[in-house]
There are 2 protein chains.
Amino acid sequence: MEKRNKVFIATSLDGYIADKDGGMDWLHSVPNPDKVGMGYEEFIAQIDALVMGRKTFETVLSFGIDWPYQKPVFVLSNTLTEIPRKLKNKAFLVKGELKAVLRQIHKKGYPRLYIDGGKVIQGFLNEDLIDEMVITIIPTLLGSGVPLFSDLSDKLEFECVGSRIFLEKIVQNHFKRSK
Amino acid sequence: MEKRNKVFIATSLDGYIADKDGGMDWLHSVPNPDKVGMGYEEFIAQIDALVMGRKTFETVLSFGIDWPYQKPVFVLSNTLTEIPRKLKNKAFLVKGELKAVLRQIHKKGYPRLYIDGGKVIQGFLNEDLIDEMVITIIPTLLGSGVPLFSDLSDKLEFECVGSRIFLEKIVQNHFKRSK
């Protein structure tokens, strides 16, 4: 199966993934009483595993909810030394160069990956390792925060292959890398 | 007629309106041999005048083309002292507080305004004076540049009222201020 690295993330209208205090309440600024789905289930159905950074991993743990992922999660970290015991067969530490990490994950039988977390996405983009990005724009100008994108050594061309509006307010744009 | 302040601008996928050297060649990175329109004519038909900053004004002059605007252009500047003679009845210097400038322009009979230029848009947003933004995303990650948005003292809520894809690559999202 073809190897793909995909991003599925929400940003503010000014491109932030968290406010300046790390807060994400604004993600829910558009009321969604009927819990309209915004493509997440379909997206998840098409990936084999997740790759996330330590910070995203720790944020998920901090929610104090049941582990939300049914697929293997590879946690990129050079500092963590172990995964909490209760996640033993669910989350796995990986470290080192991204391309080597990818080879390792592919070898385990997971070609289609959900790449998550600001720093990790930026790292993957910097090595031109992202094939698709589904970006959901929550139409709030936060005015400051943690940006999704950061400096890149080279320009990267994408193309917008789809766009949908949810709840009459939120727009989701689907980009693929032009090759 | 209702007073409206509207933005119509293109950004890179990472939110820049010019690259780090001020360049805008990337705006044309998607080939458009048939010169497909992207809503600019319709947008211009619905405004009465333009408001732009000194830098945008000087950039337009630097193109060395015929003056491209059929509607009055108000140039916001505290440093310019005069408009080139050949633009005498086309462009007009304005200065001072934005709200006072707007009252002055409205009084002259121009209620629907095209607000253009990074700094000017940021200034208007900072005083919550923008009603609509049509943002055309050229799907290039530039990696650095001049951002469309900047720090704001308060969050501002918009809603996406429309989205179109052009040339199978470029997406244009239309936002209105939620009031």
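Structure's up top.
This is a predicted model, so every value here is computed, not measured. (Residues numbered from 1 in each chain as written. Chains lettered and ligands numbered in written order. Predicted model: local features only at pLDDT ≥ 70, side-chain atom pairs only at ≥ 80, totals over all residues. Heavy atoms only, no water.)

It is worth spelling out the sheet that holds strand β10 (residues 156-166) of chain B at this point. As summarised here, the arrangement of the 9 strands in space is β8(A)-β10(B)-β11(B)-β7(B)-β1(B)-β6(B)-β3(B)-β4(B)-β5(B), forming an open sheet in which the pairing is mixed. Two strands bound the open sheet, and with one partner strand each, they are β8 (140-141) of chain A together with β5 (91-94) of chain B. Two strands pair when backbone bridges link them, and β8(A) and β10(B) are joined in this way by 2 bridges, in the antiparallel orientation. Bridge pairing in β10(B) places Thr140(A) opposite Glu157(B). Taken strand by strand, helix α4 (residues 118-126) of chain B contacts β8 of chain A together with β1 (4-12), β3 (49-53), β4 (73-76), β6 (112-116), β7 (132-138) and β10 of chain B, and its axis lies near 120° from that of β6(B). (Pairing = 2+ DSSP bridges. Helix = DSSP H or I, 4+ residues; strand = E, 2+ residues; numbered from the N terminus. Contact = heavy atoms within 4.5 Å. Axes fitted to C-alpha atoms, helices over the stretch in contact; angles between N-to-C directions.)

In most cases, non-glycine residues show a negative phi, while peptide bonds are predominantly trans. With a phi close to 50°, Lys35(B) is a non-glycine residue in the positive phi region. Phi angles above zero are rare outside glycine, and Asp128(B) is one such case at about 55°.

Turning our attention to the interface of chain A and chain B. In this complex, chain A contributes 34 residues to the contact, which on the side of chain B involves 35 residues. The three residues of chain A that bury the most area against chain B are Leu13(A), Leu141(A) and Cys160(A), which together make up 21% of that side's buried surface. Seen at the junction of chain A and chain B, the total is 0 salt bridges. Linking chain A with chain B are 11 residue pairs in polar contact (both at pLDDT 80 or more), by the criterion used here. Secondary-structure elements contributing two or more residues to the side of chain A that touches chain B are β7 (132-138), β8, β10 (156-166) and β11 (170-177) of chain A. Ranked by residues supplied to the side of chain A that touches chain B, first place goes to β10(A) with 9 residues. Looking at the side of chain A that touches chain B residue by residue, the classes come out as 18 nonpolar, 8 polar and 8 charged. (Buried area = accessible area lost by both parts, 1.4 Å probe. Salt bridge = Lys/Arg side-chain N within 4 Å of Asp/Glu carboxyl O. Polar contact = N/O pair within 3.5 Å; in protein donor to acceptor, adjacent residues only side chain to side chain. Nonpolar A, V, L, I, M, F, W, Y, C, P; charged D, E, K, R; others polar.)

Take the pattern of salt bridges next. Residue and element names in this part refer to chain A. Scanning the model with the defined rule gives 10 salt bridges over all chains in all. With a closest N to O distance of 2.9 Å, arginine 112 and aspartate 48 form a salt bridge. Of the two residues, arginine 112 sits in strand β6 (residues 112-116) while aspartate 48 sits in the loop between α1 (40-45) and β3 (49-53), which places them 64 residues apart along the sequence. For aspartate 48, a relative accessible area of 17% translates into the label buried. (Buried < 20%, exposed > 50% of the residue type's maximum accessible area, 1.4 Å probe, protein only.)

This part is about the nonpolar core. Judged by nonpolar contacts, the single largest core of 66 residues is most densely connected at Phe124(A), Leu125(A), Met133(A), Phe124(B), Leu125(B) and Met133(B). Discounting residues that sit within four places of it in the chain, Phe124(B) has contacts with Asn5(B), Val51(B), Leu76(B), Leu98(B), Leu102(B), Ile115(B), Leu129(B) and Ile130(B). (Core = buried A, V, L, I, M, F, W, Y, C linked by side-chain atoms within 4.5 Å.)

Before going further, it helps to spend a moment on the relation of the copies chain A and chain B. For the match of chain A to chain B, the screw axis carries a shift of 0.0 Å, the RMSD comes to 0.0 Å, and the turn is 180°. Seen this way, the second copy is the image of the first under a two-fold rotation axis. (Least-squares fit on C-alpha atoms with pLDDT ≥ 70 in both.)

For helix α4 (residues 118-126) of chain A, the complete set of buried residues consists of Gly118(A), Val120(A), Ile121(A), Gln122(A), Phe124(A) and Leu125(A). Immediately beyond the C-terminal end of α4(A), within one or two residues, lies Asp128(A), with a positive phi of roughly 55°.

In this section: the sheet that holds β3(A). Hydrogen bonds between backbone atoms are what pair the strands of a sheet, whose relative direction is either parallel or antiparallel. With mixed pairing, 9 strands are arranged side by side in an open sheet as β5(A)-β4(A)-β3(A)-β6(A)-β1(A)-β7(A)-β11(A)-β10(A)-β8(B). Edge strands, defined here as strands with exactly one partner in the open sheet, are β5 (91-94) of chain A together with β8 (140-141) of chain B. Helix-sheet contacts for α4(A) involve β1 (4-12), β3, β4 (73-76), β6, β7 and β10 of chain A together with β8 of chain B, and the interaxial angle to β6(A) is about 120°.

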